[in-house]
Amino acid sequence: MALRYRLTKELSKFLTPVLHAGDCCQQSGKTLNLVALSIMHMPSAQKPVANWTQVRGFREHRISTKADKLLEPATEIDLLSFIKASLDEFEGTHHYWLNRSDKNDQLCGADGIFLVLAARIFDCGITLEKLKTIQKRFPHINIMGLQAIHSSSVQVHLIQLLMTENITFPILLSQQTFPKIEKGACYILFKNFRSPVIYHEKNAGLEILSQAVQELQEQPGGDSKSLNVVRCTSLKQDGIIKDQCSFSPLQNLLLYYPGCVSTDESDNRLFFSDCNHHRILVSDANGEILDCIGSSPGFEDGDFESAKLRRPAGSYYHATENCLYFVDSENHAIRKADMGARTVATLYPTSPSNKGGTHIWNWVMNKLGLESSGKTNVEERSEVFDSKSLYFPWHLLKSVDHTLYIIDRSFQTLWIMDIKSGKIDEVFEGSPRIIEICGQPIMKSLSIIDQIPCDWFQQQTKNGFLLGALPHSDLLSSLATLHNHIFICDPVGQRILKVNGESGVCSNFRLSNLGILGLPYWLNFPLETFCAVGNGLSGTRIDHQQHFDLLPGYFTL
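*Asks:* Talk me through the overall build of the protein chain; I want residue IDs and the actual numbers.
*Replies:* A count of helical and extended segments in the protein chain gives 12 helices and 29 strands. Restricting the contact set of the protein chain to residue pairs at least 6 apart, pairs at least 24 apart contribute 63%. Surface accessibility of the protein chain: about 27200 Å² in total, with carbon and sulfur atoms responsible for 53%.

*Asks:* Requested: an account of the packing of aromatic side chains, with residues and values cited.
*Replies:* In the structure shown here, the tally under the stated rule is 8 aromatic pairs. Measuring from ring centre to ring centre gives 5.3 Å for F114 and F190, while their planes differ by 5°; the resulting arrangement is stacked. You can see F114 sitting in strand 4 (residues 113-119) and its partner F190 sitting in strand 7 (residues 186-191), a full 76 residues away along the chain. We classify F114 as buried; its relative accessible area is 0%. Overall, the relative accessible area of 0% leaves F190 in the buried class. One Lys or Arg, R311, reaches over the ring of Y257 and ends 5.4 Å from the middle of that ring. Positioned over the ring face of W394 is R409, at 4.1 Å from the centre of the ring.

*Asks:* So what about the sheet that holds strand 17 (residues 312-318)? Which residues, and what values?
*Replies:* As summarised here, the arrangement of the 5 strands in space is 15-20-19-18-17, forming an open sheet in which the pairing is antiparallel. Edge positions in the open sheet fall to strand 15 (302-303) and strand 17, since each of these has one partner strand only. Inspection of the sheet shows strand 17 paired to strand 18 (residues 323-328) by 5 bridges, in the antiparallel sense. Bridge pairing in strand 18 links P312 to D328.

*Asks:* Talk me through the pattern of salt bridges; I want residue IDs and the actual numbers.
*Replies:* Applying the stated criterion across every chain, the model contains 12 salt bridges. For D274, the salt bridge is made with R279, and the minimal N-O distance between the two is 3.0 Å. Accessibility classification places D274 together with R279 in one group, the buried group. When salt bridges with common partners are traced through the structure, they connect D264, D267 and R269 into a single cluster.

*Asks:* Can you break down helix 7 (residues 206-218) residue by residue, with the values?
*Replies:* Here helix 7 contains 13 residues, and its C-alpha end-to-end distance of 18 Å stays within 8% of the 18 Å for a straight helix at 1.5 Å per residue. For helix 7, every residue scored as buried is listed here: L206, L209, S210, A212, V213 and L216. Buried residues in helix 7, looked at end-on, bunch into an arc of 160°, giving them a common side.

*Asks:* Summarise the pairing of strand 11 (residues 269-274); cite the residues concerned and give the values.
*Replies:* Within strand 11, 6 of the 6 residues are buried, leaving the element largely enclosed by the surrounding structure. Judged by which residues are buried, strand 11 turns out to be covered on both faces: R269, F271 and S273 on one side and L270, F272 and D274 on the other are all buried. By the bridge criterion, 6 bridges tie strand 10 (residues 258-264) to strand 11 in an arrangement that is antiparallel. Following the sheet pairing, P258 is matched in strand 11 by D274.

*Asks:* Pulling in residues and values, what's your account of the pairing of strand 19 (residues 333-338)?
*Replies:* Direction of pairing for strand 18 relative to strand 19: antiparallel, over a ladder of 6 bridges. Each bridged residue has a counterpart across the sheet, and for Y325 the counterpart in strand 19 is K336. Counting the residues between successive antiparallel strands, the hairpin from strand 18 to strand 19 contains 4 residues, one of them, H332, with a positive phi of roughly 55°. Note that strand 19 and strand 20 (residues 343-348) share 5 bridges and pair antiparallel. In the strand pairing of strand 20, I334 is matched with Y348. Between strand 19 and strand 20, which pair antiparallel one after the other, the connecting turn spans 4 residues, and R342 there sits at a positive phi close to 60°.

*Asks:* Explain helix 11 (residues 431-446) to me, and be specific about the residues and the numbers.
*Replies:* A rise of 1.5 Å per residue sets the reference length of helix 11, with its 16 residues, at 22 Å; its end C-alpha atoms lie only 16 Å apart and thus fall more than 12% short of the reference. Of all the bends found along helix 11, the most pronounced is centred on C438 and spans about 80°, while P441, a proline, follows it within four residues.

*Asks:* Could you give an account of the sheet that holds strand 23 (residues 413-418), with specific residues and numbers?
*Replies:* Through backbone hydrogen bonds, the strands of a sheet pair up, either in parallel or in antiparallel fashion. One open sheet accounts for 4 strands, arranged 21-22-23-24; its pairing is antiparallel. Whereas interior strands pair on both sides, the edge strands pair on one side only; in this sheet they are strand 21 (393-398) and strand 24 (424-429). Neighbouring strand axes in the sheet, compared pairwise and without regard to direction, differ in orientation by 20° on average. Summarising the sheet, strand 21 and strand 22 (residues 403-408) pair through 5 bridges and their orientation is antiparallel. Its bridge partner lying in strand 22, L397 is registered against Y405. Contacting strand 21, strand 22, strand 23 and strand 24, helix 11 crosses the sheet at an angle of about 100° to strand 22.

*Asks:* Talk me through unusual backbone geometry; I want residue IDs and the actual numbers.
*Replies:* That bond from Y348 to P349 is cis: its omega, 0°, falls within 30 degrees of zero. In this model, H483 sits at a positive phi of 60°, which is unusual for a non-glycine residue. Along the chain, H483 falls in the loop between strand 25 (479-482) and strand 26 (485-490). A relative accessible area of 55% places H483 in the exposed class.

*Asks:* Now, about the state of the cysteines: what can you tell me, with residues and values included?
*Replies:* Under the definition given, this model contains 0 disulfides. No disulfide involves C260; its nearest neighbouring cysteine sulfur is the one of C275, lying 5.2 Å away.

*Asks:* Mind laying out the side chain of T403, listing which residues take part and the relevant values?
*Replies:* Take T403: it is sitting in strand 22. The exposure class assigned to T403 is buried, which follows from its relative accessible area of 13%.

Here is what the cut-offs are and how they apply
Residues numbered from 1 in each chain as written. Predicted model: local features only at pLDDT ≥ 70, side-chain atom pairs only at ≥ 80, totals over all residues. Heavy atoms only, no water. Helix = DSSP H or I, 4+ residues; strand = E, 2+ residues; numbered from the N terminus. Contact = heavy atoms within 4.5 Å. Areas by Shrake-Rupley, 256 points an atom, 1.4 Å probe, with all protein chains shown as cover. Phe/Tyr/Trp six-rings, centres within 6.5 Å; stacked < 30°, edge-to-face > 60°. Buried < 20%, exposed > 50% of the residue type's maximum accessible area, 1.4 Å probe, protein only. Lys NZ or Arg CZ within 6 Å of the ring centre and 35° of its normal. Pairing = 2+ DSSP bridges. Salt bridge = Lys/Arg side-chain N within 4 Å of Asp/Glu carboxyl O. Expected span 1.5 Å × (residues − 1). Arc of directions from axis to C-beta. Bend = angle between axes of the 7 residues up to and from the residue. Axes fitted to C-alpha atoms, helices over the stretch in contact; angles between N-to-C directions. Disulfide = S-S within 2.5 Å.

This is how it looks when you write it as structure tokens:
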């Protein structure tokens, strides 16, 4: 009840009028002022927040095929002291936190395991994807980023990256410089702020980092005492609670990073992937919202109101089946939405829990937190390290036969999947192979660009040659045609643009019938997770405690 009361007091701060996509952007196409939205300010340097004369030894791992380890003498500023000193203040003389507030603090103080990604500049791609995967596999460790920042241009880049990659872990911005960061991006792993180990990002694979975290978790806790086993109402709600309590300035917009669009010309429908709201909006050509696929972040099949997605991306409408195939990017899955039955099913990965009459019973057991730990579910299977498994897919194309072309966002991996069985037949690496195999459908999709005014691309696009020599290939899933109009997703301006195919006039595509969307998931009260413990609590964040004095006898909690 304490959590619900506290959230109720905060509702007035977030029940702001719903903004139509693009209302805060000028018609000329200028982008949203992300720096102003983030209220990001770096105070001027006045006095240090830590004793910079201290020196601490770092163990540095250089990963190679022979797994050699190299010890490096300590010759740098005490980075751990700086991080530890900044934990108590969201903003200080030499630091500033992003994605962290008193209502949404994901860091558990100075105790526990920390995995820090430290870099001069955070880049899109594998660096952040590895950290997001570790965050999902080990939800109870402290994961954060550290970046040195000295100019407003770097701030703008970072804020845009937070939105583009949907980064939810805290990031510490520092006006101090650290020699380790200057050498390149690296991971710093430590427990209780002792014995840090450094892994160079280029050499540290996902398997190596996961094994290192697992080994550190299995080490004895040192000064920690033996704790009783925790009996908890639910052990699987941590991921959804983190998403529900992450109050972003852009979250209350109608669209939050609209990344992809596809069309159904026979029934005059459009499918917009509202990526950071974890849903797909279905509308007609006039902007009236007809339906919504997905209820909240997670991984769950079911009807449209209860199904859970995590950053849906590229999609393809199959007219014969009346089904929408779409990429569930951060679940590493391909999902299938039956538009007639209004249900979502998982095409890949497959598991016994997806099929048969036990699905409802498994759903009930999962909601009660009573699911057997030995049972294999979809989410666990999707995290198995396999070279043929999907890993943050983004684009989806249909070939002439019964196969799907699935491509990651950086155009480095192509998966070819059988649409009937959901089996991945082949995997290809590298942009040249992608162009060789599916260059024709890609160029056909990008040919729409010739009908769009050039000045819009000069202002909105930056990555013009992601796939070989194909210009604007990053917009592969962001363009679609419906009759005589072109629809463009503008994730920077948080809007959909509509271009007349004949006149070339570009305007905002306004959505109506907003009542069909219901109350946003981040304003709903989640079921509270409570734990019955004797002498302590291990590995679980405590929101509040309640002490009961009971008379002798038996009782049920």
